[in-house]
Amino acid sequence: SQTIHQWPATLVQPVGSPLSLECTVEGTSNPNLYWYRQAAGRGLQLLFYSVGIGQISSEVPQNLSASRPQDRQFILSSKKLLLSDSGFYLCAARRGRGIRGEQFFGPGTRLTVL
Amino acid sequence: QKEVEQDPGPLSVPEGAIVSLNCTYSNSAFQYFMWYRQYSRKGPELLMYTYSSGNKEDGRFTAQVDKSSKYISLFIRDSQPSDSATYLCAIHTNAGKSTFGDGTTLTVKP
């Protein structure tokens, strides 16, 4: 079965500090990978998605970047955090190809920028 | 206008009630419809999916899609306190991306 690991689970960082969130996927190969951010009481905002190693698509202009150095590793980064970067960050992988698009999610990282 | 609009809630019902959760969407290219359940401080988990108009049942849960009205619903029968969570509708295109509603928070009181 597919499993997504994310770490850390929670993070408190000062404004202006760098960020690195890591996501690894088990149980599937060559998945589509996604980074979402969820604000309190809100839905999921797609930040980045990747269809393969080194292939990153950005959905919204922002202070963040993503990289995919290995097939099942997805990293979210920032050089200088802003207060508005606070939120719940979720990594997801898409099961299968074609029309079926259900995604499965990791446990998330709760980021607070102070 | 958002591509997916979800009834905002929150919703509070007594145990045993029938719950109806609803979303509308604007893009007729959407082809695949999903419902996720998210417990507090956890990642969402897929609850049900369907790609055709009509009803799909899974135990106490029924997903309903009306493509002509661009309307999707999730019904929960005999609701239980363990159903208390935020429910997210999600709609998918062949482009490989999903668009999520903002979620409806449900509380089932014993």
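Every chain's residues receive numbers from 1 upward, in the order its sequence appears when written. As they are written, the chains are lettered A onward and the ligands numbered 1 onward, keeping that order. Local features in this predicted model are restricted to residues whose pLDDT is 70 or higher, and side-chain atom pairs enter the listing and the counts only when it is 80 or higher, whereas totals over whole chains, interfaces and linings include all residues. Note: side-chain values were computed over all heavy atoms of the structure, leaving out hydrogens and water.

Q: Would you take a moment to explain the pattern of salt bridges for this structure?
A: All names here are of chain A. Here, a salt bridge means any side-chain nitrogen of Lys or Arg that lies within 4 Å of a carboxyl oxygen of Asp or Glu. The tally for this structure, following the rule as stated, stands at six salt bridges over all chains. The partner of Arg37 in a salt bridge is Asp85, and the shortest N-O contact between them spans 3.8 Å. Of the two residues, Arg37 is situated in strand β4 (residues 32-38) and Asp85 in the loop between β8 (73-78) and β9 (87-94); the sequence distance between them amounts to 48 residues. Residue classification places Arg37 among the buried residues on the basis of a relative accessible area of 15%. Every helix listed is a DSSP run of H or I at least four residues long, and every strand listed is a run of E at least two residues long, numbered separately from the N terminus. Exposure categories follow from relative accessible area, calculated using a 1.4 Å probe and restricted to protein chains: below 20% of the type maximum is buried, above 50% is exposed, and the middle band is partly exposed.

Q: Please explain the state of the cysteines as it appears in this structure.
A: Covalent bonding between the sulfur atoms of two cysteines defines a disulfide. All names here are of chain B. When two cysteine sulfur atoms are found within 2.5 Å, that pair is recorded as a disulfide. Overall, the coordinates contain two disulfides over all chains when judged by the stated rule. Shown here is the disulfide that connects Cys23 with Cys89, its sulfur atoms set 2.0 Å apart. Measuring handedness by torsion sign, the sulfur bridge of Cys23 and Cys89 sits at about -100° and is left-handed. Pair noted here: Cys23 is in strand β3 (residues 19-25) and Cys89 is in strand β9 (residues 85-92), with a separation of 66 residues, a long-range link. Pair check on accessibility: Cys23 and Cys89 agree, each one buried.

Q: Could you clarify how one ought to interpret the environment of B:Ala90 in this entry?
A: Residue and element names in this part refer to chain B. Tracing the backbone through its elements, the reader meets Ala90 in strand β9. You can call Ala90 buried: its relative accessible area is 0%. It is 9.6 Å that separates the C-alpha atoms of Ala90 and Gly103, two residues lying 13 residues apart in sequence. Aside from chain neighbours lying at most four places away, what touches Ala90 is Tyr32, Phe33, Met34, Tyr36, Thr99 and Phe100. The contact criterion used throughout is that any non-hydrogen atoms of two residues lie within 4.5 Å.

Q: Teacher, can you tell me more about the nonpolar core here?
A: In a soluble, globular protein the nonpolar side chains are often hidden away together inside. Counting 24 residues, the largest nonpolar core has B:Trp35, B:Ile72, B:Leu74 and B:Tyr87 as its most contacted members. Elements with a contribution of two residues or more to this core: β3, β4 (32-38), β5 (45-50), β7 (61-66), β8 (71-76), β9 and β11 (104-109) of chain B. If we ignore the near neighbours within four places in the chain, the residues touching B:Tyr87 are B:Gln6, B:Leu21, B:Trp35, B:Tyr36, B:Arg37, B:Leu47, B:Leu74, B:Ile76, B:Gly103, B:Thr104 and B:Leu106. Definition of nonpolar core: a set of buried residues of the types Ala, Val, Leu, Ile, Met, Phe, Trp, Tyr and Cys, connected through side-chain atoms within 4.5 Å. Grouped together as the second largest cluster of nonpolar side chains are 21 residues, A:Leu19, A:Cys23, A:Trp35 and A:Ala66 included.

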